[in-house]
Amino acid sequence: MSSTKRVVRFDFWLDPAFDRIVSAAPGIALRTCRREGADDQAWDALASAQVLQTTAAKDELPRHWFVGEPLLARCPQLLAVSTSGSGYDTVDVAACTRAGVLVLNQAGGNADSVAEMALGLMLAVLRRIPASDRLLHGTARGFSREDLMGHELRGRTLGVVGVGEAGRRVAALGRAFGMQVLGVDPALDATQMAARGAEAVALDELLRRADIVSLHCPRDASTLGLMDVEAFAAMRPGSIFVSTARGGIHDEAALHAALASGHLGGAGLDVWDQEPPPAEHPLLQLPNVVATFHTAGVTHEARRNNATLAATQIVQLLADGQLPARLVNPEVWPQASARIAAALGH
């Protein structure tokens, strides 16, 4: 068996820090494969790969490159799959766990960027910034400043659903704006939640009390469809919904109905079922929806940080079998560490 350790990634955009760090590590060979048009070469590379670096964004990758049982069956030497961000929509974690394959993410690497975007969306909706921008860029005149009157964040109640790395930063920013912050997260007790700057409540209470509901939870079986018809109906009349989490956690048709009826006052949406959403998407036809293209975590700083985290985790894993700091499926570690030791001689 060759002593060279093999890392494969697809040709989606990555900050150059990733290639630089991995390529500089002794005994590691990095190969970049095309996502489309060269499947034979990609399968050849994957068949002997020990680590696959993939994108976390489901609409950036052809489905046959999603990491599930079919791909794992053709990649018997694979020890770990690493995603480019905190999400792992392109990875079947349960299938990886059954195969003894580690799933690594970069949780927290873009948390500051996501939190800033969430607050930006809140401000954009409440202060009607896009509406003012569109009017001033147009030719029509005769409107008054009062026609564009909005609302302040100060004094409002912010409900944060998912108080992890990004959610805790949103809570801190909300408090800095003079907001009361509520939080719901099944992984945190009341004391832990308070340490993250939020009052722990149940989801139904958060929906009932919050003027703004901001999603920061992962997309998984427990959160898909979390914000449905009943959840939006439970929100306060005139309240605002914001999501920088993942498409599918909120029901887009249900949100449209809640906005079109006037029950909700507006929405700031960075994530969609299909990304980018089609131009004729009903939510894009509503004037009180501020829409962005899953760019909350896409800043130069965040992308560089995530690339550095990913490359460092991979190099440390292959160098000495070190337990990764950002392991999505920790229950697989005993099995995976034995596979790593056998494959790499640790």
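Described in the following lines is the structure provided in the data block. (Residues numbered from 1 in each chain as written. Predicted model: local features only at pLDDT ≥ 70, side-chain atom pairs only at ≥ 80, totals over all residues. Heavy atoms only, no water.)

A short note on the overall build of the protein chain
Inclusion rule: Secondary structure elements are taken from DSSP: a helix is a run of H or I of four residues or more, a strand is a run of E of two residues or more, and numbering for both begins at the N terminus. Within these notes, the globule rule equals 2.2 Å times the number of residues to the 0.38 power, and the radius of gyration is based on C-alpha atoms. For every residue, the accessible area obtained with a 1.4 Å probe (protein chains only) is divided by the maximum for its type, and the residue is called buried under 20%, exposed over 50%, and partly exposed between those limits. Any two residues whose heavy atoms approach within 4.5 Å at even a single point are treated as in contact. Residue burial considers only the protein chains on display, and all accessible areas are found by Shrake-Rupley using a 1.4 Å probe. Positive charge is attributed to Lys and Arg, negative charge to Asp and Glu, and no charge count is given to His or to the chain ends. Throughout, a charge is located at the NZ atom of Lys, the CZ atom of Arg, the CG atom of Asp or the CD atom of Glu.
The number of helices and strands found in the protein chain is 13 helices and 12 strands. Against the compact-globule benchmark of 20 Å for 346 residues, the protein chain has a radius of gyration of 22 Å, which places it among compact chains. Taken along its principal axes, the extent of the C-alpha atoms in the protein chain is 75 × 50 × 35 Å. In the protein chain, which comprises 346 residues, the share counted as buried stands at 49%. Intrachain contacts of the protein chain at a sequence separation of at least 6 include 66% that bridge at least 24 residues. Accessible surface for the protein chain amounts to roughly 15,700 Å². Of this, 53% is attributable to carbon and sulfur atoms. Measuring between centres, the 31 positive side-chain charges of the protein chain sit 5 Å from its 37 negative side-chain charges.

Details of helix α2 (residues 39–47)
As a reminder, the rule being used: Here the arc refers to the set of directions running from the helix axis out to each C-beta atom.
Residues Ala42, Trp43, Ala45 and Leu46 constitute the buried set of α2. Buried residues along α2 cover an arc of 160° about the axis, so they all sit on one side. Summarising the contacts, the buried residues of α2 are in contact with β1 (5–10), β2 (28–33), β3 (51–54) and α3 (69–73).

A short note on the nonpolar core
Note the cut-off: For this analysis, a nonpolar core means a set of buried residues of the types Ala, Val, Leu, Ile, Met, Phe, Trp, Tyr and Cys, connected via side-chain atoms within 4.5 Å.
Core analysis: the largest hydrophobic core is formed by 50 residues, its most contacted members being Phe10, Phe18, Leu46, Trp65, Val67 and Leu102. Counting residues per element, this core draws most heavily on helix α12 (residues 300–320), at seven residues. Setting aside its immediate chain neighbours within four residues, Phe18 contacts Arg9, Leu30, Gln53, Ala307, Ala310, Ala311 and Ile314. Counting residues in each nonpolar core, the second largest holds 28 residues, with Cys217, Met227, Phe232 and Ala258 among its members.

A few points about the pattern of salt bridges
For side chains of opposite charge, pairing can occur when their charged atoms come near one another. Worth spelling out the cut-off: The salt bridge criterion pairs a side-chain nitrogen of Lys or Arg with a carboxyl oxygen of Asp or Glu, the two atoms within 4 Å.
In this structure the tally under the stated criterion is 11 salt bridges. As a salt-bridge pair, Arg35 and Asp11 come within 2.8 Å of each other at their nearest N and O atoms. With Arg35 in the loop between β2 and α2 and Asp11 in the loop between β1 and α1 (16–24), this residue pair connects regions lying 24 residues apart in the sequence. We note a salt bridge from Arg236 to Asp211, for which the minimum N-O separation is 3.0 Å. Separated by 25 residues along the polypeptide, Arg236 in the loop between α10 (229–234) and β10 (240–243) and Asp211 in the loop between α9 (203–209) and β9 (212–215) bring together distant segments of the chain. We classify Arg236 as partly exposed; its relative accessible area is 36%.

Some points on the sheet that holds strand β6 (residues 157–161)
Worth spelling out the cut-off: Strand pairing is assigned whenever DSSP identifies at least 2 bridges connecting the two strands. Lines are fitted to the C-alpha atoms to define the axes, a helix being fitted only along its stretch in contact, and any angle between axes, read from their N-to-C directions, falls within 0 to 180 degrees.
Across the sheet, seven strands lie side by side as β8-β7-β6-β9-β10-β11-β12; this open sheet has parallel pairing. Looking at the sheet topology across the chains shown, the edges are occupied by β8 (199–200) and β12 (289–291). In this fold helix α11 (residues 252–260) packs onto β10, β11 (266–269) and β12, with an angle of close to 145° to the strand it touches most, β11.

Here's the deal with the sheet that holds β2
The sheet built from five strands is open, its strands ordered β2-β1-β3-β4-β5 with parallel pairing. Of all the strands in the sheet, just β2 and β5 (102–104) have a single pairing partner and so form its edges. Pairwise comparison of adjacent strand axes, ignoring direction, gives a mean angle of 20° for this sheet. By the bridge criterion, six bridges tie β1 to β2 in an arrangement that is parallel. Bridged to Arg9 within β2 is Thr32. Running at roughly 145° to β2, α1 makes contact with β1, β2 and β3 of the sheet. Sheet strands in contact with α2 are β1, β2 and β3, and its direction is about 155° off that of β2.

Regarding the environment of Gly164
Inspection of the secondary structure puts Gly164 in the loop between β6 and α7 (165–176). Measuring from C-alpha to C-alpha, the distance between Gly164 and Glu60 comes to 25 Å, with 104 residues separating the pair along the chain. Gly164 has contacts with Asp185 and Arg196, leaving out every residue within four places of it along the chain.

So, the environment of Ala195
Note on placement: Ala195 falls in helix α8 (residues 190–195). Classification of Ala195 by relative accessible area gives exposed; the value is 64%. Taking the C-alpha atoms as reference points, Ala195 and Trp272, 77 residues apart in sequence, are found 31 Å from one another.

A few points about unusual backbone geometry
Comment: phi is negative for the bulk of residues other than glycine, and the bulk of peptide bonds are trans. In this chain, Glu275 is followed by Pro276 through a cis amide linkage whose omega measures -5°. Structurally, Pro276 can be placed in the loop between β11 and β12. Positive phi, normally seen in glycine, also occurs at Arg128, with a value near 55°. Tracing the backbone shows Arg128 in the loop between α5 (111–126) and α6 (129–137). Relative accessible area serves as the criterion here: at 33%, Arg128 is assigned to the partly exposed category. One non-glycine residue, His294, lies in the positive phi region at around 45°. Mapped onto the elements of the fold, His294 is located in the loop between β12 and α12.

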